[in-house]
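Working through the structure, step by step
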Amino acid sequence: MAGDIIIKNVSQLVTVSGFEGRRGGEMSSLNIVEDGAVVIEGGIITRVGRTEETLKGIDPSGFTVIDGRGRTVLPGFVDSHTHFVFGGYREKEFALRLQGASYMDILAKGGGIISTVKATRSASKEELIRSGLERLDTMLSLGVTTVEGKSGYGLDLDTELKQLEVMAELDSIHPVDVVSTFLGAHAVPEEFKGRAGGYIDFIIKNVLPVVSERGLAEFCDVFCEKGVFGIEESRRLLEAAKANGLGIKIHADEITHLGGAELASDLGATSGDHLLYTSYKGIEAMAKARVVATLLPLTAFSLKEPYARARFMIDKGCTVALATDFNPGSSFTMSIPLVFALATLYMGMTPEEVICALTINGAAAINRADKIGSIDVGKKGDIVVLKFPSYLFLPYYIAMNPVETVVKEGEIVVENGIIKHRKG
Ligand code: NIG
Ligand code: FE
């Protein structure tokens, strides 16, 4: 039957295990089973454990069977922060940055996010769906089974809705689950130049209620940054988002220290993201308020900024997630393998912590730790099989893809590294 799979004789079955985000020291244990097996029925995990006990009494006919000898099996990765639906590219901007131009200067001159806004406004829905499908395939081949995607390249009612509708469509036609975030406050559009507050009023009055009424987003996010949206503007928007039933995320302290982490803690946000310039106080506040600290090392790498202080955050008891921030400007990469390399080599995280950050804590960053992010009975059968016998190959095989097979809700969607799904 569709969605019925047995994976057995697994050299290292990394279950992660648990139904909520892991904080601090809890991120170190992966709950590994040697010679493990997983049974998935109707897309849901029904049994996990050592092969012999787990398969006792099961008739394997009717199941697709995967042999896990010499393999590592993990929960599907959750990329909990991306901007993957957009029109156009910004390769010239990247070249300018190589010559010394700064990301914020380019934005202030009407380039950067604003140039993607122009390209996204003029792109048809079909074009956005086509490029979106291609990107989701790439993510899937890297082991990502759930992705969060943000709007924010419309900055007007119609295009913000178009982006969110495209994500809803992609979610229904592609195996990767897409969780949508409304990021109408991503930049101040040219129509509101110099009037950031007026633009926030416009969003609160004209866009947010439509997004919420039509159920097009689960979260609302804001680029809380010097020269973009200040603390009070961000607070006003996020309080309105809460009142409209949306969860909250913040692009916080990415380029300067503005206090976004403190704001996220104050408002009880689901996550505070980036956090390159967050103060110690901000970190402590996030740990206390149990706001997921979502760190995006590919962005720091690409902008040549210092990495977020992951080690300190974990030692202070934060729930740390990692994500790619895939977008056309500050992080034009979906490379989960490079996240493993940077987080272990440059952010002081252990391989175990990185796995937690990309599975159960990624799930917590999008409010889904009860449904995905670990191999536990009752969770979705979203599984990654590595072609190596140990999870330690994840950081060691630098920036290379170790994923052999991906199972999404009990269906094989990537086999021997080749995309195989029929959806999309
Ligand atoms: O997370 N900083 C704001 N947003 C994105 C970049 C978006 C873009 O440059 O297109 C980020 O870095
Ligand atoms: Fe981002």
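All figures in this text were calculated on a predicted structure; none of them were measured in a lab.

With that settled, the discussion passes to the overall build of the protein. A count of helical and extended segments in the protein gives 16 helices and 17 strands. Taken over C-alpha atoms, the radius of gyration comes to 21 Å for the protein, in line with the 22 Å a tight globule of 424 residues would show. In terms of overall dimensions, the protein has a C-alpha envelope of 70 × 45 × 45 Å along the principal axes. Within the protein, contacts between residues separated by at least 24 positions form 73% of all contacts whose residues are at least 6 apart in sequence. Of the roughly 15700 Å² of accessible surface on the protein, a fraction of 53% belongs to carbon and sulfur atoms. Side-chain charges in the protein split into 44 positive and 54 negative, and the spacing between the mean points of these groups amounts to 2 Å.

By the secondary structure assignment, Ile-5 is in strand S1 (residues 5-14). Residue classification places Ile-5 among the buried residues on the basis of a relative accessible area of 1%. Taking the C-alpha atoms as reference points, Ile-5 and Gly-410, separated by 405 residues in sequence, lie 5.7 Å from one another.

The environment of ligand 1 is made up of 16 residues, and the closest members are Arg-90, Tyr-103, Tyr-153, His-186 and Ser-330. Arg-90 places a side-chain nitrogen or oxygen 2.7 Å from an oxygen atom of ligand 1. For ligand 1, whose free accessible area comes to 330 Å², the fraction covered by protein is 100%. When atoms are counted within 2 Å of each cavity's grid points, the one that captures over half of ligand 1 is the largest cavity. Classifying every residue of the shell around ligand 1 by side-chain character gives four nonpolar, nine polar and three charged.

The element helix H13 (residues 336-346) is largely enclosed, with a buried count of nine among its eleven residues. For H13, the full list of buried residues reads Ile-336, Pro-337, Leu-338, Val-339, Phe-340, Ala-341, Leu-342, Ala-343 and Thr-344. Residues of H13 that are buried make contact with strand S6 (77-79), strand S7 (144-150), helix H11 (297-303), strand S13 (320-322), helix H14 (351-358) and helix H16 (393-396). The N-capping residue of H13, defined by a side-chain oxygen 3.0 Å from the backbone nitrogen of Leu-338, is Ser-335. Trailing H13 by a residue or two, Gly-348 shows a phi angle of about 70 degrees, which is positive.

Right, let's get into the domain arrangement of the protein. According to the domain assignment, the protein contains domain 1 (5-75 + 373-419) and domain 2 (78-364). Its C-alpha centre places domain 1 at a distance of 29 Å from the equivalent point of domain 2. Listed as interface residues are 36 residues of domain 1 and, on the opposing side, 35 residues of domain 2. With both sides pooled, the region where domain 1 packs onto domain 2 buries about 2800 Å², and carbon together with sulfur makes up 68% of that total. When the buried surface of domain 1 facing domain 2 is broken down by residue, Arg-23, Met-27 and Pro-395 rank first, second and third, together holding 23% of it. There are two salt bridges connecting domain 1 and domain 2. Across the salt bridge formed by Lys-408 and Asp-177, the nearest N and O atoms sit 2.9 Å from each other. Where domain 1 meets domain 2, there are nine residue pairs in polar contact (both at pLDDT 80 or more). Within the residue set of the side of domain 1 that touches domain 2, elements represented by two or more residues are strand S5 (72-75), H16, strand S15 (403-408) and strand S16 (411-415).

With respect to the helices and strands, the residue His-81 is situated in the loop between S6 and helix H2 (91-98). Reaching out from His-81, the side chain makes a polar contact with the side chain of Asp-273 at a distance of 2.7 Å.

This part covers the side chain of Ser-335. Among the structural elements, Ser-335 can be located in the loop between S13 and H13. A polar side-chain atom of Ser-335 sits 3.0 Å from the main-chain amide nitrogen of Leu-338.

Reading the values: rules and limits
Residues numbered from 1 in each chain as written. Chains lettered and ligands numbered in written order. Predicted model: local features only at pLDDT ≥ 70, side-chain atom pairs only at ≥ 80, totals over all residues. Heavy atoms only, no water. Helix = DSSP H or I, 4+ residues; strand = E, 2+ residues; numbered from the N terminus. Rg over C-alpha atoms; globule rule 2.2 N^0.38 Å. Contact = heavy atoms within 4.5 Å. Areas by Shrake-Rupley, 256 points an atom, 1.4 Å probe, with all protein chains shown as cover. Lys, Arg positive; Asp, Glu negative; His and termini not counted. Charge placed at Lys NZ, Arg CZ, Asp CG, Glu CD. Buried < 20%, exposed > 50% of the residue type's maximum accessible area, 1.4 Å probe, protein only. Near = heavy atom within 4 Å. Polar contact = N/O pair within 3.5 Å; in protein donor to acceptor, adjacent residues only side chain to side chain. 1 Å grid on protein atoms, 1.4 Å probe; cavity = no way out; pocket = protein on both sides within 12 Å on 5 of 7 lines; lining within 4 Å. Sits in = over half its atoms within 2 Å of the grid points. Nonpolar A, V, L, I, M, F, W, Y, C, P; charged D, E, K, R; others polar. Domains from an automatic or database assignment. Buried area = accessible area lost by both parts, 1.4 Å probe. Salt bridge = Lys/Arg side-chain N within 4 Å of Asp/Glu carboxyl O.

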